[in-house]
Amino acid sequence: ETGVTQTPRHLVMGMTNKKSLKCEQHLGHNAMYWYKQSAKKPLELMFVYSLEERVENNSVPSRFSPECPNSSHLFLHLHTLQPEDSALYLCASSQLTGPNQPQHFGDGTRLSIL
Amino acid sequence: DAKTTQPTSMDCAEGRAANLPCNHSTISGNEYVYWYRQIHSQGPQYIIHGLKNNETNEMASLIITEDRKSSTLILPHATLRDTAVYYCIVPGTYKYIFGTGTRLKVLA
């Protein structure tokens, strides 16, 4: 139990669907992150929020839309996805975004695009 | 962010110490060394991190060389559950760059 919970664990959707991934952290952290892990590729940072403000958007296509309503919750809204978007989407949190701030990860949502 | 180099894979006998090396020769003075592991189908698990001094916690020990250009993660008594991919990361800020890591296989 890492204190970071992601739902759903698995999601299958068509290219025209709209869905959302949810992340909740119970660690009292102020920074939250979305990562993407495609098959046979390293994890890639997508978005970073610090104190509910987006501080990083790592050239992610607009079909991915993050939302951070408070410091405990993070969403990733998905629409009109492509087959290459099939991947494991991981959420992480840390106390702050400084150099001495370990990130703690959830177990991810495995997304499959039909 | 400093680039890290790790062996692709290692084997270790159950009950023995697993020593996982990492080279980070371009590390700068204020960059920390972090270690994570990822067991199949799970998210990366934080293990330990350090700046200059050696560190130990309930999971592992981290030995950083005096020049800080390399480090070693030590799992003192490896178990089958320690089989995973281990990542050494030196982020300048919050931007973790995960490489391919070391695939550790603990053998019974």
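Note that the coordinates shown come from a computational prediction; the quantities given were computed from them, not determined experimentally. (Residues numbered from 1 in each chain as written. Chains lettered and ligands numbered in written order. Predicted model: local features only at pLDDT ≥ 70, side-chain atom pairs only at ≥ 80, totals over all residues. Heavy atoms only, no water.)

(A) The overall build of chain A, seen in detail. From N to C terminus, chain A includes zero helices and eleven strands. Starting at the N terminus, the α and β elements of chain A follow one another as β-β-β-β-β-β-β-β-β-β-β. For chain A, the spread of C-alpha atoms along the principal axes amounts to about 40 × 25 × 25 Å. Among the 114 residues that make up chain A, the fraction classed as buried is 47%. Taking the contacts inside chain A whose residues are at least 6 apart along the sequence as the reference set, 54% of them involve residues at least 24 apart. For chain A, the exposed surface amounts to about 5,400 Å²; the carbon and sulfur share of it is 49%. Taking the average location of the 10 positive side-chain charges in chain A and that of its 10 negative ones, the two points are 9 Å from each other. (Helix = DSSP H or I, 4+ residues; strand = E, 2+ residues; numbered from the N terminus. Buried < 20%, exposed > 50% of the residue type's maximum accessible area, 1.4 Å probe, protein only. Contact = heavy atoms within 4.5 Å. Areas by Shrake-Rupley, 256 points an atom, 1.4 Å probe, with all protein chains shown as cover. Lys, Arg positive; Asp, Glu negative; His and termini not counted. Charge placed at Lys NZ, Arg CZ, Asp CG, Glu CD.)

(B) Region of the structure containing the sheet that holds strand E4 (residues 45–50) of chain B. Residue and element names in this part refer to chain B. Overall, mixed pairing links the five strands, which are arranged E1-E9-E8-E3-E4 in an open sheet. The strands lining the two open edges of the sheet, one partner per strand, are strand E1 (9–13) and E4. On average, each strand axis in the sheet is tilted by 25° relative to the strand beside it, whichever way the strands run. Pairing of strand E3 (residues 33–38) with E4 involves five bridges; the strand directions are antiparallel. (Pairing = 2+ DSSP bridges. Axes fitted to C-alpha atoms, helices over the stretch in contact; angles between N-to-C directions.)

(C) Quick peek at the interface of chain A and chain B. With 23 residues of chain A in contact, the opposing surface of chain B contributes 19 residues. Counting each side, the surface lost to burial between chain A and chain B is near 1,700 Å², with a carbon and sulfur contribution of 54%. Taken together, chain A and chain B are joined by one salt bridge. Its salt-bridge partner being Lys-95 of chain B, residue Glu-56 of chain A comes within 3.4 Å of it at the nearest N-O pair. (Buried area = accessible area lost by both parts, 1.4 Å probe. Salt bridge = Lys/Arg side-chain N within 4 Å of Asp/Glu carboxyl O.)

(D) Spatial organisation of the pattern of salt bridges. Residue and element names in this part refer to chain A. Considering all chains together, one arrives at four salt bridges over all chains under this definition. Among the ionic pairs, Glu-44 bridges to Lys-41, the shortest N-O distance being 3.9 Å. Residue classification places Lys-41 among the partly exposed positions, given a relative accessible area of 46%. Here Asp-85 makes a salt bridge to Arg-63, at a shortest N to O gap of 2.7 Å. Taken together, the residues Asp-85 in the loop between strand E8 (73–79) and strand E9 (87–94) and Arg-63 in the loop between strand E6 (53–57) and strand E7 (64–70) connect sequence positions 22 residues apart. The exposure classification of Asp-85 matches that of Arg-63, with both residues buried.

(E) Summary view of the pairing of strand E6 (residues 61–64) of chain B. Residues and elements named next belong to chain B. Pairing of strand E5 (residues 55–56) with E6 involves two bridges; the strand directions are antiparallel. By the bridge assignment for E6, Thr-56 is matched with Ser-61. Connecting E5 to the antiparallel partner E6 that follows it, the hairpin turn spans four residues. The pairing of E6 with strand E7 (residues 70–75) spans four bridges and is antiparallel. Bridge pairing links Leu-62 to Leu-73 in E7. Counting the residues that bridge the hairpin from E6 to E7 gives five residues, and of these Arg-68 lies at a positive phi of roughly 65°.

(F) Expanded view of the layout of surface pockets. Here the largest pocket defines a volume of roughly 630 Å³. Taken together, 22 residues make up the lining of the largest pocket; nearest its centre are Gln-37 and Lys-40 of chain A together with Gln-38, Tyr-87 and Arg-103 of chain B. Counting residues per element, the ones that place at least two in the lining of the largest pocket are E9 of chain A together with strand E8 (84–89) of chain B. Residue contributions to the lining of the largest pocket peak at three residues, all from E8 of chain B. Across the lining of the largest pocket, the residue classes break down as eight nonpolar, ten polar and four charged. Approximately 370 Å³ is the volume found for the second largest pocket. Every residue lining the second largest pocket is counted, 20 residues in all, and those nearest its centre are Glu-1, Thr-2, Phe-105 and Asp-107 of chain A together with Gln-45 of chain B. (1 Å grid on protein atoms, 1.4 Å probe; cavity = no way out; pocket = protein on both sides within 12 Å on 5 of 7 lines; lining within 4 Å. Points joined across faces, edges and corners; volume = space filled by probe spheres on them. Nonpolar A, V, L, I, M, F, W, Y, C, P; charged D, E, K, R; others polar.)

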